[in-house]
Amino acid sequence: MISRRFFLVQTLGTLLFLVTAVLVCEATGLDMIVQDAFYQFGSQQWLLSKHNEVLRLLFYTGPKAVFILFAVALLVSLIGLRKKPWVQRYKRGLLTVLIASLLTVGVVNLLKAVTNVPCPTNLSHYDGTYPYVTLLHRVPAAEHLKRIRCFPAGHASGGFALLSLFFLFRTKRNRMIAFNGAMALGWTLGLYKMLIGDHFLSHTLVTMGLAWLISVLVAGCVFGLARVVDAPEATDGESMAGSEAHYH
């Protein structure tokens, strides 16, 4: 099992990252700077069209369907295949991935329902009807407008939720492969939504941070409550006692 210090550092570090990401994006106008690069003001169009069915299948409906199937497969494995040796061996990791994935998507969607922040495409700056409203910057003129759900990034949460796969594997190498793969998927889905005007950079950054924070907290509970020690195998000649990570 990864050390308690790892969980503490990751929890505090991620909380700091979330606060910093919001403050920096709001104080510097970074969101608008980035989003301006994705908008063609002459034709009043985003770089990618959300009505492109091929892109929508590849980066929206397809990944959503795969995520649902993945969650169902995890649930079936933990219940229907619980006596299988591989499920027994990885059951805490599988449970962590299932709970963290569902919680990530659930928490992000709950926040979307209460933050009342518009998407880039809704702003008058991009030929929409809403003034520029962020999590910390509220505009009285927007109070009479219909509540809107755009912060944080919901679609990318499905990709970033897979950061929890880090806790499924036992070797440092496999953990990093899982972590980097989930990061790549989350940012691919997040960037697609930014390119069609559905999200700002900060929306995706916050979703990423929340996904990792939830994964760390869930893993800490699952492995901590189990009171077990799962030491990863040493790879490439690495001594378990000599690695700083350190997995105890």
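Residues numbered from 1 in each chain as written. Predicted model: local features only at pLDDT ≥ 70, side-chain atom pairs only at ≥ 80, totals over all residues. Heavy atoms only, no water.

Some words on the overall build of the protein
When its secondary structure is counted, the protein shows seven helices and two strands. Structurally, the protein occupies a C-alpha span of about 60 × 35 × 35 Å along its principal axes. Within the protein, the fraction of its 248 residues that count as buried is 46%. For the protein, restricting intrachain contacts to residue pairs at least 6 apart in sequence, the fraction spanning at least 24 positions comes to 73%. Here the protein contributes 22 positive and 12 negative side-chain charges, whose respective centroids are spaced 14 Å apart. (Helix = DSSP H or I, 4+ residues; strand = E, 2+ residues; numbered from the N terminus. Buried < 20%, exposed > 50% of the residue type's maximum accessible area, 1.4 Å probe, protein only. Contact = heavy atoms within 4.5 Å. Lys, Arg positive; Asp, Glu negative; His and termini not counted. Charge placed at Lys NZ, Arg CZ, Asp CG, Glu CD.)

Describing unusual backbone geometry
A cis amide bond links Phe151 to the next residue, Pro152, at an omega of -5°. For Pro152, the location among the structural elements is in the loop between α4 (85–115) and α5 (155–160). Backbone geometry places Gln44, a non-glycine residue, at a positive phi of 55°. With respect to the helices, strands and loops of the structure, Gln44 is situated in the loop between β1 (39–40) and β2 (45–46). We classify Gln44 as partly exposed; its relative accessible area is 47%. The phi angle at Asn116 is positive, at roughly 55°, despite the residue not being glycine. Position of Asn116 relative to the elements: it lies in the loop between α4 and α5.

Regarding the packing of aromatic side chains
A complete count under the given rule lists 16 aromatic pairs for this structure. On the basis of an interplanar angle of 80° and a centroid distance of 4.8 Å, the ring pair of Tyr39 and Phe41 is categorised as edge-to-face. Accessibility expressed as a relative area gives 7% for Tyr39, which makes it buried. Grouped by ring-pair contacts, the aromatic residues Phe6, Phe7, Phe166, Phe167, Phe179 and Trp212 constitute a single cluster. Taking NZ or CZ as reference, Arg170 lies 5.5 Å from the ring centre of Tyr90, over its face. (Phe/Tyr/Trp six-rings, centres within 6.5 Å; stacked < 30°, edge-to-face > 60°. Lys NZ or Arg CZ within 6 Å of the ring centre and 35° of its normal.)

A closer look at the pattern of salt bridges
A complete count under the given rule lists two salt bridges for this structure. Two residues, Lys50 and Asp198, come together in a salt bridge whose shortest N-O distance is 3.0 Å. Taken as a pair, Lys50 in the loop between β2 and α3 (53–80) and Asp198 in the loop between α6 (172–195) and α7 (201–226) lie far apart in primary sequence, 148 residues in all. Under the relative-accessibility criterion, Lys50 is labelled partly exposed at 32%. For Lys193, the salt bridge goes to Asp198, with nearest N and O atoms at 2.9 Å. (Salt bridge = Lys/Arg side-chain N within 4 Å of Asp/Glu carboxyl O.)

Re the side chain of Lys193
Summarising the element assignment, Lys193 is placed in helix α6. For Lys193, a relative accessible area of 11% gives the class buried. When near neighbours in sequence (up to four residues on either side) are disregarded, Lys193 contacts Tyr60, His155, Asp198 and His199.

Details of helix α2 (residues 30–37)
Asp31, Met32 and Gln35 are the residues of α2 that are buried. The buried residues of α2 occupy one face: seen down the axis, they fall within an arc of 90°. In this structure, α2 carries Ile33 and Ala37 as exposed residues pointing more than 90 degrees from its buried face. (Arc of directions from axis to C-beta.)

Looking at the nonpolar core
In terms of nonpolar packing, the biggest core is built from 44 residues, with Phe6, Phe7, Phe160, Leu163, Phe166, Phe167 and Trp212 touching the most fellow members. Looking at this core, the elements with two or more residues in it are α1 (4–28), α3, α4, α5, α6 and α7. Counting residues per element, this core draws most heavily on α7, which supplies eight residues. Ignoring anything within four residues of it in the chain, the contact list for Phe167 reads Ile2, Phe6, Phe7, Gly93, Thr96, Trp212, Ser215, Val216, Ala219 and Phe223. Grouped together as the second largest cluster of nonpolar side chains are eight residues, Val117, Phe151, Leu210 and Leu213 included. (Core = buried A, V, L, I, M, F, W, Y, C linked by side-chain atoms within 4.5 Å.)

Observations concerning α4
Here α4 contains 31 residues, and its C-alpha end-to-end distance of 45 Å stays within 8% of the 45 Å for a straight helix at 1.5 Å per residue. At Lys91, α4 shows its largest kink, close to 70°. (Expected span 1.5 Å × (residues − 1). Bend = angle between axes of the 7 residues up to and from the residue.)

Quick word on the state of the cysteines
Under the defined criterion, the tally for this structure stands at one disulfide. Paired by a disulfide, Cys119 and Cys150 hold their sulfur atoms 2.1 Å apart. Its torsion about the S-S bond being 115°, the disulfide of Cys119 and Cys150 is classed as right-handed. One end of the pair, Cys119, is in the loop between α4 and α5; the other, Cys150, is in the loop between α4 and α5, with 31 residues separating them in the sequence. Per residue, the accessibility class of Cys119 equals that of Cys150, and both read buried. (Disulfide = S-S within 2.5 Å.)

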